[in-house]
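Close look at the chain arrangement
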Amino acid sequence: MALTSPSDSPDPKWIDQPASVRAGEALDPAQLESYLREHLPGVGGPLTIQQFPGGYSNLTYLLRAGGHELVLRRPPFGANIKGGHDMGREYRILAALHPAYHKVPKPLAYCEDVSVIGAPFYVMERVRGVILRNNTPEGLTLEPSLMRRLCFSLIETLADLHRLDYVAAGLGDLGKPQGYVERQVEGWTKRYANAQTDDIAEMEQVGVWLAANRPPDSAPALIHNDFRCDNVLLDPADLTRPVALLDWEMATIGDPLMDVGTTLAYWAEAGAPAVMQDFSLVGRPGFINRQEFIERYASQSGRDLSNILFYYVCGLFKLGVIVQQIYARYKKGLTHDERFRPLIFVVRACGQMAARAIEKNRLYRLSE
């Protein structure tokens, strides 16, 4: 069992670090320690638990025991664990991908016994790296030339993923690519209706437009479905080199341009609504715009992006629905994470940006 050891990073502060566990999201250390001792030979000794503070969906913890570092993933408290938080499925994806695709952490154990920590969970190796968010670590300089190279590297990583032979990796039955776009539009529209708390006319209008403007499916691929900067771990010694992709909970086999649309929804540009800037390195000198993104992806992948407006609008709509679901859970009192209080403004911004893209018939310079 290969576990991580301390990094040789020139500045350990740059490495993504955990914090104290949030109130109401603690794990039972005695139960968990007993489970680890039984299922991961060699992992023993007193257990300490911290939580990675980023992310809005599944919860991620750092476990330290006997000199080893492990990462645990579990569904959020108050979520429907039989719905969109299938830990067994995410574990299976990682287990299949790890031998074939080097940019995933190695999964170590899956537990479906809810008596251990109250929900199914899995444990994987910790990959140490840098996650770039808006709050750049102190002392880290992001030169424009570095940012531009990073953008191209991210696009190449996404195109490489879409070229992966998912059948050979054992993931041929992960999804149903035929009719994928139609099911996505219908599914996200229903999820929005089920989670809706406020009247947002643009979101409803965009849902109607998507249903009326579906393109035919592209050739299928393995898609991550949440590919964005803060789901990518970068090499501390070379910030243009992704070392691991995180959060595979929504991965499936489907139209890869849906993956591109989701990434573009997070790819905020200067002039984007302020609430959207939490999801991107918006305004950083050297960070390319969405038009440059699609031109680069088209050249890397060889795919036809003539219908990219639809996929971008769909990406914004899906992001709005995901955030709406999280906000609805907060409003019902199922979670007390105060980060969720202002998320309704993100939902509004997604609807407004999608409506503006439709009106202007483009996906860049939307603030003009």
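Figured I'd write up the structure that's included with this text. Because the structure is a prediction, the values reported are computed rather than measured. (Residues numbered from 1 in each chain as written. Predicted model: local features only at pLDDT ≥ 70, side-chain atom pairs only at ≥ 80, totals over all residues. Heavy atoms only, no water.)

1. A look at the nonpolar core
Counting 94 residues, the largest nonpolar core has Leu97, Leu222, Trp248, Phe293 and Tyr297 as its most contacted members. The element that contributes the greatest number of residues to this core is helix α8 (residues 308-331), accounting for 16 residues. If we ignore the near neighbours within four places in the chain, the residues touching Phe293 are Ile155, Leu158, Val260, Thr263, Leu264, Trp267 and Ile288. One finds Leu40, Leu47, Leu63 and Val123 within the second-largest nonpolar core, a separate group that totals 20 residues. (Core = buried A, V, L, I, M, F, W, Y, C linked by side-chain atoms within 4.5 Å. Buried < 20%, exposed > 50% of the residue type's maximum accessible area, 1.4 Å probe, protein only. Helix = DSSP H or I, 4+ residues; strand = E, 2+ residues; numbered from the N terminus. Contact = heavy atoms within 4.5 Å.)

2. Things to note about the pattern of salt bridges
Tallying each qualifying case throughout the model produces 21 salt bridges. As a salt-bridge pair, Glu292 and Arg148 come within 3.2 Å of each other at their nearest N and O atoms. Here Arg148 lies in helix α3 (residues 144-163) and Glu292 lies in helix α7 (residues 290-301), a separation of 144 residues in the sequence. Assessed through its relative accessible area of 27%, Glu292 is described here as partly exposed. Between Asp160 and Arg163 there is a salt bridge whose closest N-O contact spans 2.2 Å. A residue pair is termed a helical-turn pair when its members lie 3 or 4 positions apart in one helix, as Asp160 and Arg163 do in helix α3 at three residues. The partly exposed category is assigned to Arg163, whose relative accessible area is 45%. Connected through salt bridges with shared partners, the residues Arg22, Glu25, Asp337 and Arg339 form a single ionic network. (Salt bridge = Lys/Arg side-chain N within 4 Å of Asp/Glu carboxyl O.)

3. Some points on α8
Every α-helix carries 3.6 residues per turn, so stepping three or four residues along brings you back to the same face. With 24 residues, α8 extends 34 Å between its outermost C-alpha atoms, agreeing within 8% with the 34 Å of an ideal straight helix rising 1.5 Å per residue. The positive-phi residue at the C-terminal boundary of α8 is Gly333, with phi of around 80°. (Expected span 1.5 Å × (residues − 1).)

4. Digging into the pairing of strand β5 (residues 121-125)
In regular strands, side chains alternate between the two faces of the sheet. Where burial is concerned, most of β5 is hidden: five out of the five residues are buried. In terms of strand pairing, strand β3 (residues 68-74) meets β5 through four bridges, oriented antiparallel. Residue pairing across strands places Leu72 opposite Val123, the latter belonging to β5. Taken together, the four bridges between strand β4 (residues 107-111) and β5 define a ladder with antiparallel strand orientation. By the bridge assignment, Tyr110 is partnered in β5 with Tyr122. (Pairing = 2+ DSSP bridges.)

5. Examining the packing of aromatic side chains
Per the counting criterion, the structure on display carries eight aromatic pairs. Arranged with centres 5.2 Å apart and planes meeting at 70°, the rings of Tyr35 and Phe121 form a pair that is edge-to-face. One end of the pair, Tyr35, is in helix α1 (residues 29-39); the other, Phe121, is in strand β5, with 86 residues separating them in the sequence. For Tyr35, a relative accessible area of 7% translates into the label buried. You can call Phe121 buried: its relative accessible area is 0%. Taken together through their ring pairs, the aromatic side chains of Tyr91, Tyr110 and Tyr122 make up a single cluster. The residue whose ring lies beneath Arg191 is Trp188, and the NZ or CZ to ring-centre distance is 4.4 Å. The lysine or arginine in question, Arg362, covers the ring of Tyr364, its NZ or CZ lying 6.0 Å from the ring centre. (Phe/Tyr/Trp six-rings, centres within 6.5 Å; stacked < 30°, edge-to-face > 60°. Lys NZ or Arg CZ within 6 Å of the ring centre and 35° of its normal.)

6. Regarding the environment of Phe287
The topology assignment puts Phe287 in the loop between α6 (256-266) and α7. Overall, Phe287 belongs to the buried group, its relative accessible area being 13%. For Phe287 and Cys151, which are 136 residues apart along the polypeptide, the C-alpha to C-alpha distance reads 6.6 Å.

Nothing here speaks to function; it is geometry throughout.
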